[in-house]
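Spelled out from the first residue to the last, the chains are:
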Amino acid sequence: AVQFEKMLSKLLSLPTTGILERFSSHVATKKTPFYDLHMKFGGDVTDFCGYYLPIKYANSDIGIEHMNTRKKCTIFDVSHMGQFRLSGAGREEFMERLIVADVRGLSTWSTKLSVFTNYRGGISDDMMCTKCPNHLYLVVNAACKEKDWNHIQHHLDLWKQDFPALRIEDLSNARGLLAIQGPNAMKVLQRYTNVNLAEQPFMSQRHGKIAGVDCFITRCGYTGEDGFEISIPKDQCMRLGEVLTRDRDVTPAGLGSRDSLRLEAGLCLYGHEINDESTPIEGGLKWLIPKKRQEQGGFLGDDVILQQIRGERPLRFMRCGLEIKSGAPAREQTAVYDFQGLKQVGEVRSGLFAPSLGHPVAQAWMLPSHMEPGTELKVRVRGRFQNAVVREMPFVKKPFYRVPKKMAAKKCCGDD
(Lines give C-alpha, C1' and ligand atoms only; values in the text may rest on other atoms or scores of the structure.)
Protein backbone atom coordinates (compact mmCIF):
# COMPACT_ATOMS: atom_id res chain seq x y z
CA ALA A 1 0.00 0.00 0.00
CA VAL A 2 2.85 2.40 0.80
CA GLN A 3 4.44 1.70 -2.57
CA PHE A 4 1.11 2.29 -4.32
CA GLU A 5 0.66 5.63 -2.51
CA LYS A 6 4.19 6.73 -3.53
CA MET A 7 3.45 5.86 -7.16
CA LEU A 8 0.17 7.81 -7.04
CA SER A 9 1.94 10.79 -5.48
CA LYS A 10 4.33 10.93 -8.42
CA LEU A 11 1.59 10.50 -11.00
CA LEU A 12 -0.69 13.06 -9.35
CA SER A 13 2.06 15.70 -9.41
CA LEU A 14 1.54 15.94 -13.17
CA PRO A 15 -0.73 18.66 -14.62
CA THR A 16 -4.37 17.64 -15.02
CA THR A 17 -6.95 18.68 -17.57
CA GLY A 18 -10.24 18.21 -15.77
CA ILE A 19 -13.67 19.43 -16.72
CA LEU A 20 -13.27 22.70 -14.78
CA GLU A 21 -9.49 22.86 -14.71
CA ARG A 22 -6.74 24.51 -16.76
CA PHE A 23 -7.84 28.01 -15.79
CA SER A 24 -5.54 30.69 -17.17
CA SER A 25 -4.51 33.62 -15.03
CA HIS A 26 -2.10 35.29 -17.43
CA VAL A 27 -3.66 34.78 -20.88
CA ALA A 28 -6.93 36.41 -21.92
CA THR A 29 -9.77 33.91 -22.25
CA LYS A 30 -10.78 33.42 -25.88
CA LYS A 31 -14.20 33.20 -27.44
CA THR A 32 -14.96 30.31 -29.77
CA PRO A 33 -16.71 31.06 -33.09
CA PHE A 34 -19.95 29.90 -31.42
CA TYR A 35 -19.74 32.24 -28.43
CA ASP A 36 -22.75 34.34 -29.51
CA LEU A 37 -24.78 31.14 -29.83
CA HIS A 38 -23.95 30.28 -26.21
CA MET A 39 -25.15 33.73 -25.14
CA LYS A 40 -28.35 33.37 -27.17
CA PHE A 41 -29.27 30.17 -25.30
CA GLY A 42 -28.18 31.46 -21.89
CA GLY A 43 -25.04 29.37 -21.61
CA ASP A 44 -23.49 29.18 -18.14
CA VAL A 45 -19.97 29.80 -19.45
CA THR A 46 -16.66 29.24 -17.72
CA ASP A 47 -13.00 29.39 -18.68
CA PHE A 48 -12.14 25.90 -19.93
CA CYS A 49 -8.70 25.42 -21.45
CA GLY A 50 -8.51 29.15 -22.15
CA TYR A 51 -11.92 29.40 -23.90
CA TYR A 52 -15.35 30.54 -22.77
CA LEU A 53 -17.48 27.39 -22.95
CA PRO A 54 -20.84 26.53 -21.38
CA ILE A 55 -21.23 24.05 -18.52
CA LYS A 56 -24.96 23.97 -19.31
CA TYR A 57 -27.66 26.21 -20.75
CA ALA A 58 -30.51 28.24 -19.24
CA ASN A 59 -33.78 26.42 -18.47
CA SER A 60 -31.86 23.15 -18.52
CA ASP A 61 -29.44 21.15 -16.40
CA ILE A 62 -26.67 18.62 -16.92
CA GLY A 63 -29.02 15.66 -16.46
CA ILE A 64 -31.51 16.96 -19.04
CA GLU A 65 -28.78 17.67 -21.60
CA HIS A 66 -27.28 14.25 -20.91
CA MET A 67 -30.57 12.41 -21.54
CA ASN A 68 -31.37 14.55 -24.59
CA THR A 69 -28.12 13.23 -26.07
CA ARG A 70 -28.90 9.62 -25.14
CA LYS A 71 -32.46 9.73 -26.51
CA LYS A 72 -32.55 12.48 -29.13
CA CYS A 73 -29.89 14.79 -30.55
CA THR A 74 -27.71 17.59 -29.15
CA ILE A 75 -24.89 19.81 -30.36
CA PHE A 76 -21.66 20.61 -28.50
CA ASP A 77 -19.14 23.36 -29.20
CA VAL A 78 -15.74 21.62 -29.26
CA SER A 79 -13.85 24.41 -31.03
CA HIS A 80 -11.30 24.49 -28.22
CA MET A 81 -9.80 21.29 -29.63
CA GLY A 82 -6.69 21.54 -31.78
CA GLN A 83 -6.92 20.87 -35.53
CA PHE A 84 -3.65 20.23 -37.42
CA ARG A 85 -2.84 19.26 -40.99
CA LEU A 86 0.33 17.29 -41.81
CA SER A 87 1.25 17.17 -45.48
CA GLY A 88 4.19 16.07 -47.61
CA ALA A 89 5.92 12.85 -48.58
CA GLY A 90 6.55 10.45 -45.72
CA ARG A 91 3.78 11.83 -43.48
CA GLU A 92 2.38 8.39 -42.63
CA GLU A 93 5.76 6.90 -41.71
CA PHE A 94 6.57 10.00 -39.64
CA MET A 95 3.29 9.85 -37.73
CA GLU A 96 3.81 6.16 -36.96
CA ARG A 97 6.91 7.13 -35.00
CA LEU A 98 4.78 9.36 -32.76
CA ILE A 99 1.51 7.41 -32.38
CA VAL A 100 0.69 3.72 -31.98
CA ALA A 101 -1.73 3.43 -34.94
CA ASP A 102 -1.01 1.66 -38.22
CA VAL A 103 -1.34 4.87 -40.24
CA ARG A 104 0.00 3.37 -43.46
CA GLY A 105 -2.54 0.57 -43.18
CA LEU A 106 -5.53 2.94 -42.93
CA SER A 107 -7.80 3.24 -45.93
CA THR A 108 -8.32 6.71 -47.37
CA TRP A 109 -10.86 8.77 -45.38
CA SER A 110 -10.58 6.46 -42.35
CA THR A 111 -10.27 8.01 -38.89
CA LYS A 112 -8.39 6.37 -36.03
CA LEU A 113 -8.28 7.08 -32.31
CA SER A 114 -4.69 6.82 -31.10
CA VAL A 115 -2.20 8.18 -28.58
CA PHE A 116 1.05 10.12 -28.74
CA THR A 117 3.63 8.28 -26.64
CA ASN A 118 6.86 9.50 -25.03
CA TYR A 119 10.24 7.82 -24.58
CA ARG A 120 9.15 6.37 -21.21
CA GLY A 121 6.11 4.68 -22.76
CA GLY A 122 3.72 7.21 -21.23
CA ILE A 123 0.83 8.87 -23.06
CA SER A 124 1.50 12.47 -24.12
CA ASP A 125 -2.07 12.88 -25.39
CA ASP A 126 -4.89 10.98 -27.04
CA MET A 127 -5.85 12.15 -30.51
CA MET A 128 -7.71 11.43 -33.76
CA CYS A 129 -5.93 10.88 -37.07
CA THR A 130 -7.77 10.93 -40.41
CA LYS A 131 -6.05 9.75 -43.58
CA CYS A 132 -7.05 12.16 -46.34
CA PRO A 133 -5.74 11.72 -49.92
CA ASN A 134 -3.03 14.40 -49.66
CA HIS A 135 -2.60 14.98 -45.91
CA LEU A 136 -3.30 13.72 -42.42
CA TYR A 137 -5.93 15.61 -40.43
CA LEU A 138 -5.24 15.53 -36.69
CA VAL A 139 -7.49 16.53 -33.79
CA VAL A 140 -5.86 16.88 -30.35
CA ASN A 141 -7.01 17.81 -26.85
CA ALA A 142 -7.37 21.49 -26.06
CA ALA A 143 -5.20 21.44 -22.95
CA CYS A 144 -2.43 19.65 -24.87
CA LYS A 145 -2.66 21.69 -28.08
CA GLU A 146 0.54 23.64 -27.58
CA LYS A 147 2.38 20.63 -26.15
CA ASP A 148 1.34 18.44 -29.10
CA TRP A 149 2.29 21.11 -31.64
CA ASN A 150 5.74 21.46 -30.07
CA HIS A 151 6.10 17.67 -29.87
CA ILE A 152 5.40 17.26 -33.59
CA GLN A 153 7.56 20.25 -34.53
CA HIS A 154 10.46 19.00 -32.40
CA HIS A 155 10.48 15.65 -34.16
CA LEU A 156 10.09 17.25 -37.58
CA ASP A 157 13.30 19.14 -36.80
CA LEU A 158 14.97 16.08 -35.23
CA TRP A 159 14.21 13.81 -38.19
CA LYS A 160 14.47 16.49 -40.88
CA GLN A 161 16.90 14.43 -42.96
CA ASP A 162 14.40 11.57 -43.10
CA PHE A 163 11.37 13.77 -43.84
CA PRO A 164 12.52 16.98 -45.58
CA ALA A 165 9.19 17.58 -47.37
CA LEU A 166 6.86 17.47 -44.37
CA ARG A 167 4.87 20.52 -43.29
CA ILE A 168 2.55 20.94 -40.28
CA GLU A 169 -0.23 23.56 -40.26
CA ASP A 170 -2.36 24.69 -37.33
CA LEU A 171 -5.97 25.03 -38.52
CA SER A 172 -7.35 25.73 -35.04
CA ASN A 173 -7.74 29.51 -35.41
CA ALA A 174 -9.23 29.26 -38.90
CA ARG A 175 -11.88 26.63 -38.20
CA GLY A 176 -14.49 25.84 -35.56
CA LEU A 177 -15.53 22.37 -34.47
CA LEU A 178 -19.12 21.37 -33.70
CA ALA A 179 -20.25 17.93 -32.51
CA ILE A 180 -23.76 16.67 -33.18
CA GLN A 181 -24.48 13.58 -31.07
CA GLY A 182 -27.33 11.21 -30.35
CA PRO A 183 -29.47 8.51 -31.98
CA ASN A 184 -31.18 11.12 -34.18
CA ALA A 185 -27.94 12.85 -35.26
CA MET A 186 -27.81 11.26 -38.71
CA LYS A 187 -31.48 11.96 -39.44
CA VAL A 188 -31.12 15.60 -38.44
CA LEU A 189 -27.84 16.30 -40.21
CA GLN A 190 -29.01 14.60 -43.40
CA ARG A 191 -31.61 17.35 -43.82
CA TYR A 192 -28.85 19.87 -44.52
CA THR A 193 -25.99 18.00 -46.21
CA ASN A 194 -25.26 16.63 -49.68
CA VAL A 195 -23.25 13.76 -48.16
CA ASN A 196 -25.13 10.46 -47.97
CA LEU A 197 -24.58 9.83 -44.27
CA ALA A 198 -26.17 6.37 -44.40
CA GLU A 199 -23.16 5.28 -46.49
CA GLN A 200 -20.58 6.84 -44.15
CA PRO A 201 -19.05 4.29 -41.74
CA PHE A 202 -18.22 4.98 -38.12
CA MET A 203 -14.74 6.52 -37.75
CA SER A 204 -14.52 7.97 -41.24
CA GLN A 205 -14.53 11.43 -42.76
CA ARG A 206 -16.28 13.02 -45.72
CA HIS A 207 -15.86 16.45 -47.28
CA GLY A 208 -19.16 17.99 -48.29
CA LYS A 209 -21.60 20.84 -47.80
CA ILE A 210 -23.87 21.45 -44.82
CA ALA A 211 -26.41 24.21 -45.48
CA GLY A 212 -24.17 25.28 -48.36
CA VAL A 213 -20.99 25.47 -46.22
CA ASP A 214 -17.94 23.37 -47.10
CA CYS A 215 -17.15 21.16 -44.08
CA PHE A 216 -15.09 18.19 -42.91
CA ILE A 217 -17.63 15.70 -41.52
CA THR A 218 -16.19 12.97 -39.30
CA ARG A 219 -18.43 10.24 -37.94
CA CYS A 220 -17.20 9.97 -34.35
CA GLY A 221 -17.80 11.52 -30.94
CA TYR A 222 -17.12 11.50 -27.21
CA THR A 223 -20.50 10.42 -25.88
CA GLY A 224 -20.92 6.75 -26.79
CA GLU A 225 -23.70 7.71 -29.21
CA ASP A 226 -23.72 7.90 -32.98
CA GLY A 227 -22.80 11.34 -34.24
CA PHE A 228 -20.46 13.61 -36.15
CA GLU A 229 -17.77 16.19 -35.49
CA ILE A 230 -17.94 18.94 -38.08
CA SER A 231 -14.97 21.18 -38.91
CA ILE A 232 -16.27 24.49 -40.25
CA PRO A 233 -14.58 27.63 -41.64
CA LYS A 234 -14.53 30.16 -38.80
CA ASP A 235 -16.57 32.80 -40.62
CA GLN A 236 -19.36 30.30 -41.31
CA CYS A 237 -19.66 28.80 -37.81
CA MET A 238 -22.43 31.02 -36.48
CA ARG A 239 -24.55 30.68 -39.60
CA LEU A 240 -24.31 26.89 -39.50
CA GLY A 241 -24.85 26.81 -35.73
CA GLU A 242 -28.03 28.85 -36.09
CA VAL A 243 -29.30 26.58 -38.86
CA LEU A 244 -28.89 23.50 -36.67
CA THR A 245 -30.28 25.04 -33.47
CA ARG A 246 -33.40 26.19 -35.34
CA ASP A 247 -34.14 22.54 -36.06
CA ARG A 248 -36.97 21.33 -33.83
CA ASP A 249 -35.08 18.09 -33.06
CA VAL A 250 -31.85 19.73 -31.84
CA THR A 251 -30.95 21.19 -28.43
CA PRO A 252 -27.58 22.53 -27.24
CA ALA A 253 -25.54 20.76 -24.56
CA GLY A 254 -22.53 21.82 -22.49
CA LEU A 255 -19.35 20.54 -20.91
CA GLY A 256 -21.11 19.03 -17.89
CA SER A 257 -23.13 16.51 -19.88
CA ARG A 258 -20.20 15.85 -22.20
CA ASP A 259 -18.24 14.66 -19.17
CA SER A 260 -21.02 12.45 -17.78
CA LEU A 261 -21.69 10.97 -21.23
CA ARG A 262 -18.03 10.09 -21.84
CA LEU A 263 -17.72 8.54 -18.38
CA GLU A 264 -20.77 6.32 -18.94
CA ALA A 265 -19.21 5.33 -22.27
CA GLY A 266 -15.94 4.35 -20.53
CA LEU A 267 -13.88 6.93 -22.42
CA CYS A 268 -10.69 8.46 -21.05
CA LEU A 269 -10.11 12.09 -20.12
CA TYR A 270 -6.49 13.10 -20.53
CA GLY A 271 -4.89 14.16 -17.26
CA HIS A 272 -7.24 11.91 -15.32
CA GLU A 273 -7.37 8.27 -16.48
CA ILE A 274 -4.28 8.68 -18.68
CA ASN A 275 -1.26 10.97 -18.52
CA ASP A 276 2.45 11.31 -19.31
CA GLU A 277 3.38 8.54 -16.87
CA SER A 278 0.66 5.97 -17.62
CA THR A 279 1.23 3.60 -20.52
CA PRO A 280 -1.49 2.63 -23.02
CA ILE A 281 -1.63 -0.83 -21.43
CA GLU A 282 -2.14 0.55 -17.92
CA GLY A 283 -4.76 2.90 -19.36
CA GLY A 284 -6.74 -0.04 -20.76
CA LEU A 285 -5.93 1.03 -24.32
CA LYS A 286 -4.06 -1.98 -25.64
CA TRP A 287 -6.79 -2.27 -28.29
CA LEU A 288 -5.45 0.92 -29.89
CA ILE A 289 -2.23 -0.90 -30.84
CA PRO A 290 -2.87 -3.17 -33.86
CA LYS A 291 -1.13 -6.54 -34.12
CA LYS A 292 1.38 -5.27 -36.69
CA ARG A 293 2.57 -2.52 -34.36
CA GLN A 294 2.62 -4.86 -31.36
CA GLU A 295 5.00 -7.06 -33.33
CA GLN A 296 7.15 -4.39 -35.00
CA GLY A 297 6.98 -1.39 -32.63
CA GLY A 298 8.64 1.68 -34.10
CA PHE A 299 6.96 4.32 -31.90
CA LEU A 300 8.38 6.25 -28.96
CA GLY A 301 8.55 4.15 -25.79
CA ASP A 302 7.88 0.92 -27.66
CA ASP A 303 10.36 -1.01 -25.51
CA VAL A 304 8.37 -0.34 -22.33
CA ILE A 305 4.94 -0.80 -23.92
CA LEU A 306 5.75 -4.01 -25.81
CA GLN A 307 7.36 -5.51 -22.71
CA GLN A 308 4.10 -4.92 -20.84
CA ILE A 309 2.13 -6.53 -23.66
CA ARG A 310 4.39 -9.60 -23.56
CA GLY A 311 4.19 -9.80 -19.78
CA GLU A 312 7.90 -9.06 -19.35
CA ARG A 313 7.31 -5.83 -17.41
CA PRO A 314 4.76 -5.65 -14.58
CA LEU A 315 1.76 -3.35 -14.71
CA ARG A 316 1.78 -0.82 -11.87
CA PHE A 317 -2.00 -0.34 -12.10
CA MET A 318 -4.89 -0.69 -14.54
CA ARG A 319 -7.77 1.58 -15.46
CA CYS A 320 -11.01 -0.05 -14.31
CA GLY A 321 -14.68 0.81 -14.03
CA LEU A 322 -16.37 1.00 -10.63
CA GLU A 323 -20.09 0.82 -9.93
CA ILE A 324 -21.44 2.35 -6.72
CA LYS A 325 -25.04 1.29 -6.22
CA SER A 326 -25.87 3.70 -3.40
CA GLY A 327 -24.46 6.77 -1.70
CA ALA A 328 -22.63 9.81 -3.03
CA PRO A 329 -20.36 9.72 -6.09
CA ALA A 330 -16.70 8.89 -5.47
CA ARG A 331 -14.88 11.88 -6.94
CA GLU A 332 -11.33 12.18 -8.24
CA GLN A 333 -8.59 11.13 -5.78
CA THR A 334 -11.05 9.16 -3.64
CA ALA A 335 -9.18 6.20 -2.12
CA VAL A 336 -10.33 2.69 -3.07
CA TYR A 337 -9.86 -0.09 -0.49
CA ASP A 338 -10.22 -3.86 -0.41
CA PHE A 339 -13.62 -5.11 0.73
CA GLN A 340 -12.47 -5.30 4.35
CA GLY A 341 -11.45 -1.62 4.21
CA LEU A 342 -7.95 -2.42 5.45
CA LYS A 343 -5.70 -1.79 2.44
CA GLN A 344 -5.74 0.86 -0.26
CA VAL A 345 -5.78 -0.87 -3.65
CA GLY A 346 -6.63 1.98 -5.98
CA GLU A 347 -7.73 5.55 -6.53
CA VAL A 348 -10.64 7.11 -8.39
CA ARG A 349 -9.61 9.20 -11.40
CA SER A 350 -13.10 10.35 -12.45
CA GLY A 351 -16.46 9.80 -10.79
CA LEU A 352 -19.99 11.16 -10.90
CA PHE A 353 -23.68 10.33 -10.89
CA ALA A 354 -24.63 8.51 -14.09
CA PRO A 355 -28.00 9.87 -15.29
CA SER A 356 -28.63 6.90 -17.59
CA LEU A 357 -28.15 4.40 -14.76
CA GLY A 358 -29.51 6.24 -11.74
CA HIS A 359 -26.45 5.67 -9.55
CA PRO A 360 -22.79 6.74 -9.39
CA VAL A 361 -19.99 5.25 -11.48
CA ALA A 362 -16.27 5.92 -11.60
CA GLN A 363 -13.05 5.09 -13.38
CA ALA A 364 -10.12 4.21 -11.14
CA TRP A 365 -6.50 3.16 -11.21
CA MET A 366 -6.47 -0.26 -9.53
CA LEU A 367 -3.71 -2.65 -8.48
CA PRO A 368 -3.75 -5.62 -10.89
CA SER A 369 -4.68 -7.88 -7.96
CA HIS A 370 -8.04 -6.10 -7.62
CA MET A 371 -9.05 -5.33 -11.21
CA GLU A 372 -11.18 -8.36 -12.13
CA PRO A 373 -14.85 -7.58 -12.91
CA GLY A 374 -17.01 -8.50 -9.96
CA THR A 375 -14.34 -7.70 -7.35
CA GLU A 376 -16.03 -6.11 -4.33
CA LEU A 377 -14.36 -3.04 -2.86
CA LYS A 378 -14.87 -0.06 -0.59
CA VAL A 379 -14.57 3.65 -1.44
CA ARG A 380 -14.12 6.24 1.26
CA VAL A 381 -16.47 9.16 0.57
CA ARG A 382 -16.88 11.99 3.07
CA GLY A 383 -15.19 9.93 5.75
CA ARG A 384 -17.49 6.91 5.35
CA PHE A 385 -17.05 3.64 3.49
CA GLN A 386 -19.41 2.80 0.60
CA ASN A 387 -19.60 -0.45 -1.31
CA ALA A 388 -18.24 -0.56 -4.85
CA VAL A 389 -17.67 -3.29 -7.41
CA VAL A 390 -15.40 -3.53 -10.45
CA ARG A 391 -17.42 -3.50 -13.69
CA GLU A 392 -16.51 -3.86 -17.33
CA MET A 393 -16.76 -0.68 -19.38
CA PRO A 394 -18.58 0.90 -21.06
CA PHE A 395 -21.22 1.24 -18.36
CA VAL A 396 -23.73 2.23 -21.06
CA LYS A 397 -23.15 0.34 -24.27
CA LYS A 398 -24.52 1.49 -27.59
CA PRO A 399 -23.74 -0.18 -30.93
CA PHE A 400 -21.55 1.75 -33.35
CA TYR A 401 -23.19 2.68 -36.64
CA ARG A 402 -22.73 0.14 -39.40
CA VAL A 403 -23.44 0.82 -43.05
CA PRO A 404 -26.32 -1.48 -44.13
CA LYS A 405 -25.06 -4.41 -46.18
CA LYS A 406 -27.34 -3.53 -49.06
CA MET A 407 -25.51 -0.23 -49.45
CA ALA A 408 -22.13 -0.21 -51.17
CA ALA A 409 -19.93 2.20 -49.19
CA LYS A 410 -18.85 4.95 -51.54
CA LYS A 411 -15.56 6.78 -51.36
CA CYS A 412 -15.63 10.48 -50.70
CA CYS A 413 -15.01 12.56 -53.77
CA GLY A 414 -14.74 15.96 -52.09
CA ASP A 415 -11.80 18.30 -52.36
CA ASP A 416 -8.77 17.42 -50.24
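Not measured: the values here are computed from a predicted model.

### Let's talk about the side chain of R70
Logical step 1: Among the secondary structure elements, R70 is positioned in helix 3 (residues 62–71).
Logical step 2: There is a polar contact of 2.8 Å between the side chain of R70 and the backbone oxygen of T223.
Logical step 3: There is a polar contact of 3.0 Å between the side chain of R70 and the side chain of E264.
Logical step 4: Filtering out sequence-adjacent residues up to four positions away, R70 remains in contact with P183, T223, G224, E225, L261, E264, A265, S356, V396 and K398.

### A short note on the packing of aromatic side chains
Logical step 1: Summed over all chains, the structure comprises 8 aromatic pairs.
Logical step 2: Their ring planes at 70° and their centres at 5.4 Å tell us that F84 and W149 sit as a pair that is edge-to-face. Taken as a pair, F84 in strand 5 (residues 82–87) and W149 in helix 5 (residues 145–158) lie far apart in primary sequence, 65 residues in all.
Logical step 3: On the basis of relative accessibility, which here comes to 0%, the residue F84 falls in the buried class.
Logical step 4: Exposure remark for W149: the relative accessible area of 23% places this residue in the partly exposed category.
Logical step 5: Three or more aromatic residues joined by ring pairs make a cluster, and in this case those are F94, W159 and F163.
Logical step 6: The ring of W365 carries R349 above its face, with NZ or CZ at 4.3 Å from the centroid.

### Regarding the packing of helix 3 against helix 8 (residues 255–264)
Logical step 1: Relative orientation of the contacting elements helix 3 and helix 8 amounts to 55°, with a least axis distance of 8 Å. Here helix 3 lies oblique to helix 8, going by the angle between them. Relative to helix 8, the crossing made by helix 3 is right-handed. In contact with I62, E65, H66, T69 and R70 of helix 3, helix 8 contributes G256, S257, S260, L261 and E264.

### Concerning empty space enclosed by the protein
Logical step 1: All chains considered together, the criterion is met by 3 cavities of 30 Å³ or more.
Logical step 2: Estimates place the volume of the largest cavity at around 90 Å³.
Logical step 3: Lining the largest cavity are 13 residues; nearest its centre among them are Y137, V139, T218, C220 and E229.
Logical step 4: Looking at the lining of the largest cavity, the elements with two or more residues in it are strand 7 (123–131), strand 8 (135–140), strand 12 (213–218) and strand 13 (227–233).
Logical step 5: With 3 residues, the top contributor of residues to the lining of the largest cavity is strand 8.
Logical step 6: Residue composition of the lining of the largest cavity, by class: 7 nonpolar, 5 polar and 1 charged.

### With respect to the environment of E376
Logical step 1: Take E376: it is sitting in strand 19 (residues 376–381).
Logical step 2: Taking the C-alpha atoms as reference points, E376 and L322, 54 residues apart in sequence, are found 9.5 Å from one another.
Logical step 3: Ignoring sequence-local partners within four residues, the contact set of E376 consists of F339, A388 and V389.

### With respect to the environment of H359
Logical step 1: With respect to the helices and strands, H359 occurs in strand 18 (residues 359–366).
Logical step 2: The residues touching H359, leaving out its near neighbours within four places in the chain, are E323, I324, K325, F353 and A354.

### As for the sheet that holds strand 9 (residues 167–170)
Logical step 1: Spatially, 5 strands are ordered 6-7-8-5-9 in an open sheet, and the strand pairing comes out antiparallel. In the strand order of this sheet, the two ends are held by strand 6 (111–117) and strand 9, each with one partner. Geometrically, the sheet is characterised by an average inter-axis angle of 30° between neighbouring strands, direction not taken into account.
Logical step 2: For strand 5 and strand 9, the ladder comprises 4 bridges, and the chain directions are antiparallel. In the sheet register, R85 faces strand 9, and the bridge partner there is E169.
Logical step 3: Contacting strand 5, strand 6, strand 7, strand 8 and strand 9, helix 5 runs over the sheet at an angle of about 165° to strand 9.

### Considerations on unusual backbone geometry
Logical step 1: A cis amide bond, omega 5°, links M393 with the succeeding residue P394.
Logical step 2: By secondary structure assignment, the location of P394 is in the segment after strand 20 (384–391).
Logical step 3: Backbone geometry places Q333, a non-glycine residue, at a positive phi of 75°.
Logical step 4: With respect to the helices and strands, Q333 occurs in the loop between strand 15 (318–323) and strand 16 (335–338).
Logical step 5: With a phi angle near 55°, R382 is a residue other than glycine that sits in the positive phi range.
Logical step 6: Note on placement: R382 falls in the loop between strand 19 and strand 20.

### Details of the confidence of the model for the chain
Logical step 1: Looking at the chain, pLDDT values average 93 and 92% of them are 70 or higher.
Logical step 2: Within the model, the stretch residues 15–25 combines pLDDT values under 50 with 33 contacts to residues more than four positions away or in other chains.
Logical step 3: When the criterion is pLDDT under 50, residues 409–416 qualifies, and its contacts beyond four places in sequence or with other chains add up to 16 contacts.

### What about helix 8?
Logical step 1: Burial analysis of helix 8 places 10 of its 10 residues in the buried class, which makes it a mostly covered element.
Logical step 2: Along helix 8, the residues that are buried comprise L255, G256, S257, R258, D259, S260, L261, R262, L263 and E264.
Logical step 3: Its buried side turned inward, helix 8 meets strand 2 (45–48), strand 3 (51–54), helix 3, strand 4 (74–77), strand 17 (344–354) and strand 18.
Logical step 4: The first or second residue beyond helix 8 is G266, which carries a positive phi of 70°.

Rules used in this analysis
Residues numbered from 1 in each chain as written. Predicted model: local features only at pLDDT ≥ 70, side-chain atom pairs only at ≥ 80, totals over all residues. Heavy atoms only, no water. Helix = DSSP H or I, 4+ residues; strand = E, 2+ residues; numbered from the N terminus. Polar contact = N/O pair within 3.5 Å; in protein donor to acceptor, adjacent residues only side chain to side chain. Contact = heavy atoms within 4.5 Å. Phe/Tyr/Trp six-rings, centres within 6.5 Å; stacked < 30°, edge-to-face > 60°. Buried < 20%, exposed > 50% of the residue type's maximum accessible area, 1.4 Å probe, protein only. Lys NZ or Arg CZ within 6 Å of the ring centre and 35° of its normal. Axes fitted to C-alpha atoms, helices over the stretch in contact; angles between N-to-C directions. Parallel < 35°, antiparallel > 145°, perpendicular 65-115°, else oblique. Left-handed = near helix turned anticlockwise from the far one by under 90°. 1 Å grid on protein atoms, 1.4 Å probe; cavity = no way out; pocket = protein on both sides within 12 Å on 5 of 7 lines; lining within 4 Å. Points joined across faces, edges and corners; volume = space filled by probe spheres on them. Nonpolar A, V, L, I, M, F, W, Y, C, P; charged D, E, K, R; others polar. Pairing = 2+ DSSP bridges. pLDDT = per-residue confidence, 0-100.

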